[in-house]
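Chain residues, written in single-letter form:
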Amino acid sequence: GDLLPADGVLIQGNDLKIDESALTGESDHVRKSLDKDPLLLSGTHVMEGSGRMVVTAVGVNSQSGIIFTLLGAAGDDEDDGRDRRG
């Protein structure tokens, strides 16, 4: 399926199912609809259907960007102690 490049809110959808396993670990596809679950997250894949969304966050401000930033920050604690400012 197509990779979602940004976080957003679904504004129009047709039988939309998303694979959120990259973020949540949940293997079942999640049905998205305007009434029940309109939030779409970057880094997830469209498995069925189609839709339109209003983008709410991209890059480091998106959910996947925040996760990668936190993972990178955790990795910095284990560096060799060198000053990286210059």
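Higher on the page you've got the structure.
Along every chain, residues carry numbers that run from 1 in the direction the sequence is written. Selection of residues for local features in this predicted model requires a pLDDT of at least 70, selection of side-chain atom pairs for listing and counting requires 80 or more, and totals for whole chains, interfaces and linings are taken over all residues. Hydrogens and water are ignored here; the side-chain numbers use all heavy atoms of the structure.

1. Thoughts on the environment of V46
Our working rule: A helix here means a DSSP run of H or I that spans at least four residues, while a strand means a run of E at least two residues long, and both kinds are numbered starting from the N terminus. Summary of the burial criterion: residues with accessible area below 20% of their type's maximum are buried, those above 50% are exposed, and those between are partly exposed, where the area comes from a 1.4 Å probe applied to protein chains only. In this analysis, two residues are considered to be in contact whenever any of their non-hydrogen atoms come within 4.5 Å of each other.
Structurally, V46 is set in strand β5 (residues 45-57). When its relative accessible area of 18% is taken as the criterion, V46 is described as buried. Put simply, V46 and G1 are 45 residues apart on the chain and 4.9 Å apart in space, counted from C-alpha to C-alpha. Excluding anything up to four places from it in sequence, V46 contacts G1, D2, L4, L16, K17 and I18.

2. Focus on the pairing of β5
Selection rule: A strand pair is defined by DSSP finding two or more bridges across the two strands.
Here two bridges tie strand β1 (residues 2-3) to β5, and the two strands are oriented antiparallel to one another. Along β5, the bridge assignment pairs L3 with H45.

3. Considerations on the pattern of salt bridges
Stated formally: Salt bridges are identified by distance alone: a Lys or Arg side-chain nitrogen within 4 Å of an Asp or Glu carboxyl oxygen.
Tallied over the entire structure, the rule returns four salt bridges. Here E48 makes a salt bridge to K17, at a shortest N to O gap of 3.7 Å. Of this pair, E48 sits in strand β5 while K17 is found in strand β2 (residues 7-19), placing the two residues 31 residues apart along the sequence. Of the residues examined, E48 reaches a relative accessible area of 36% and is grouped as partly exposed. Here K32 ties to D37 by a salt bridge, and the two come within 3.0 Å at their closest N and O atoms. Using a relative accessible area of 6% as the deciding quantity, one classes K32 as buried.

4. Overview of the side chain of E20
The topology assignment puts E20 in the loop between β2 and α1 (21-24). Residue class for E20 comes out buried when judged on its relative accessible area of 10%. Those residues within four positions of E20 in sequence are excluded, and the remaining contacts are G25, E26, V30, K32, L39 and T44.

5. Considerations on a nonpolar patch on the surface
Quick note on the threshold: To count toward a patch, a residue needs a relative accessible area over 30% and no salt bridge; like charges are then connected within 9 Å, while nonpolar side chains (Val, Leu, Ile, Met, Phe, Trp, Tyr) are connected within 5 Å. Each accessible area is a Shrake-Rupley result for a 1.4 Å probe, and residues are judged covered by the shown protein chains and nothing else.
A contiguous nonpolar surface patch, about 320 Å² in accessible area, is contributed by I67, F68 and L71. Of note, F68 is situated in helix α2 (residues 63-76).

6. Things to note about the nonpolar core
Here is the rule we go by: The definition of a nonpolar core used throughout is a set of buried Ala, Val, Leu, Ile, Met, Phe, Trp, Tyr and Cys residues joined through side-chain atoms within 4.5 Å.
Counting six residues, the largest nonpolar core is built from L4, L10, L16, I18, L40 and V46. With three residues, β2 is the largest single contributor of residues to this core.

7. Some words on the pairing of β2
In terms of strand pairing, β2 meets β5 through 10 bridges, oriented antiparallel. Paired with L10 across the two strands is M53, which belongs to β5. Alignment of β2 against strand β3 (residues 30-32), held across three bridges, turns out to be antiparallel. When the sheet's bridge partners are listed, K17 is paired in β3 with R31.

Interpretation note: all reported values are geometric properties and have no functional meaning in isolation.
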